[in-house]
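# Chains, contacts and geometry: an overview
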Amino acid sequence: MARKVLGYIELVWTCDSCGTRNPGAIKSCTACGAPQPIGVKFEKVDPDTFNFIKDEALVRQAQAGPDKHCPYCGTRNLAEAETCIKCGGDLTVGATSRPSGVILEDDAVPPQPQKTATQPEVAPQRKPLPKWALIVIALVLLACCVSGVVYFTRMSQTDQLDATVTQTYWQRQVALEAYQLVKANDWEDLIPPNANIYDCQLRHRYNSDTPVQDATEVCGEPYTVDTGTGFGEVAQDCYYEVYEYYCTYDTMQWVVINTLVEDGYGTNAIWPSTSLGMSQRLGTPTERYTITFTTNSGEYDYSTTDYNLFQQASQGSDWVIEVNGFGDVTSISREP
Ligand SMILES: [Zn+2]
Ligand SMILES: [Zn+2]
């Protein structure tokens, strides 16, 4: 969020002794002469309006940093003062700076930016977790560790079994693609260069914390910050709604129009027969071979893309297979 300073306003403080309201920059009560107490609060003159000061010397004073109180007599001095205006005491050591940074309107609400995909979310401030929550987290972590150990133990626990091939099944696929006109939508800068753009609309794309050209500025209510000088800094928090063109376009693309499949039993696989039309091509072929083994402890399927291995798995041939704790076949080899 960008913070914009709109200007400075004079604040007031109320005398403890006689109740007179004094201008913020005045350091002793105008009615009774009592020095301004350290803890006194500055307030806005009028809670509903901002009467910006124009005098540049006063603006500089407002920007100079909080005033400080003399450690010897308590008199309020400007931030840059080195000796007290009243008693001449050294202000470089032991002086107390006035509190600053307090927002004088509690109802000022900064604008809430909408969440968008392109903007990283601001992490919310976290409260420290209660003790029981920490214990629960520790237990969950422990449970994860234990189940992880169990999982890997079972994975690595393998049995070697004598096995006989009882079935072999193969499946081969090829995608048939055509080069054709495709209608699509996207942000203008993401559209492929050869596309035919025919409809664009300005749309909200993301919010920026920093000013962006042609963006819509969204600002919250102005609020006054006590600078500790008797002047308030009036500021506003803003963000920028960035609008960009979102378009519909036509473009030529390769599109999958059909998937050709050939499958069967046995160990001799074939590819689907294809005849390409105009502006057509074949996509990446895929193959998958499944061997079913029978052992003393039941049936196991083994899937592979290795056609050479598959061709050795003739009906009734003898193999040694490794089975892990989950019943998955992890490797196979011909019986010597
Ligand atoms: Zn007074
Ligand atoms: Zn002093």
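Residues numbered from 1 in each chain as written. Chains lettered and ligands numbered in written order. Predicted model: local features only at pLDDT ≥ 70, side-chain atom pairs only at ≥ 80, totals over all residues. Heavy atoms only, no water.

## As for the state of the cysteines
Selection criterion: Disulfide: a pair of cysteine sulfur atoms within 2.5 Å of each other. The way it works is that DSSP assigns letters per residue, a run of H or I at least four long becomes a helix, a run of E at least two long becomes a strand, and they are numbered from the N terminus. Burial status follows relative accessibility: with a 1.4 Å probe on protein chains alone, a residue under 20% of its type maximum counts as buried, one over 50% as exposed, and anything between as partly exposed.
This structure, assessed with the given rule, holds two disulfides. Two residues, C200 and C247, share a disulfide whose sulfurs are 2.1 Å apart. Here the disulfide of C200 and C247 is right-handed, its torsion about the S-S bond being about 105°. Within this pair, whereas C200 is found in strand β8 (residues 196–208), its partner C247 is found in strand β11 (residues 231–265), the two being separated by 47 residues in sequence. Taking relative accessible area as the criterion, C200 reaches 31% and is therefore assigned partly exposed. Disulfide pairing places C219 opposite C238 at an S-S distance of 2.1 Å. When the S-S torsion is 105°, as for the bridge of C219 with C238, the disulfide is right-handed. Of the two residues, C219 is situated in strand β9 (residues 216–219) and C238 in strand β11; the sequence distance between them amounts to 19 residues. Accessibility expressed as a relative area gives 0% for C238, which makes it buried. Of note for the protein: the bonded cysteines, numbered N- to C-terminal, pair according to 1-4, 2-3. Take C144: it sits in no disulfide, and the sulfur closest to it among the cysteines is that of C145, at 7.0 Å.

## Side note on the coordination of the zinc ion (ligand 2)
Where we set the bar: Metal-coordinating donors are taken as N, O and S atoms lying within 2.8 Å of the metal, or within 3.2 Å when the metal is Na, K or Ca; because water is left out, some sites can appear incomplete. Square planar and octahedral sites, with four and six donors, are those where opposite donors lie more than 155 degrees apart and all other angles lie between 65 and 115, tetrahedral sites have four donors with every angle between 85 and 135 degrees, and the rest are irregular.
In this structure, C70 (SG), C73 (SG), C84 (SG) and C87 (SG) serve as the protein donors to the zinc ion (ligand 2), at separations of 2.2 to 2.4 Å. Coordination geometry of the zinc ion (ligand 2): the four donor atoms subtend angles of 103 to 116° at the metal centre, consistent with an arrangement described as tetrahedral. For the zinc ion (ligand 2), the single-chain donor residues occur in sequence as C-x2-C-x10-C-x2-C. One end of the pair, C73, is in the loop between β4 (68–69) and β5 (76–77); the other, C84, is in the loop between β5 and β6 (96–97), with eleven residues separating them in the sequence.

## Things to note about the nonpolar core
The condition is simple: What is meant by a nonpolar core is a set of buried Ala, Val, Leu, Ile, Met, Phe, Trp, Tyr and Cys residues, joined one to another through side-chain atoms within 4.5 Å.
By size, the foremost hydrophobic cluster in this structure holds 18 residues, and its most contacted members are I291, F293, W319, I321, V329 and I332. For this core, the elements supplying multiple residues, two or more each, are β7 (158–187), β13 (286–295), β14 (298–304), α3 (307–311), β15 (318–324) and β16 (329–334). For this core, the element with the highest residue contribution is β7, accounting for four residues. Membership of the second largest hydrophobic core comes to nine residues, among which are L11, W13, C15 and F42.

## Things to note about the coordination of the zinc ion (ligand 1)
Protein-derived ligands of the zinc ion (ligand 1) are C15 (SG), C18 (SG), C29 (SG) and C32 (SG), with the metal-ligand distances lying across 2.2 to 2.3 Å. Note that the zinc ion (ligand 1) binds four donor atoms; their angles at the metal cover 104 to 114°, and the shape is tetrahedral. Each donor residue of the zinc ion (ligand 1) belongs to the same chain, and together they define the spacing C-x2-C-x10-C-x2-C. Its relative accessible area of 39% is what places C32 among the partly exposed residues.

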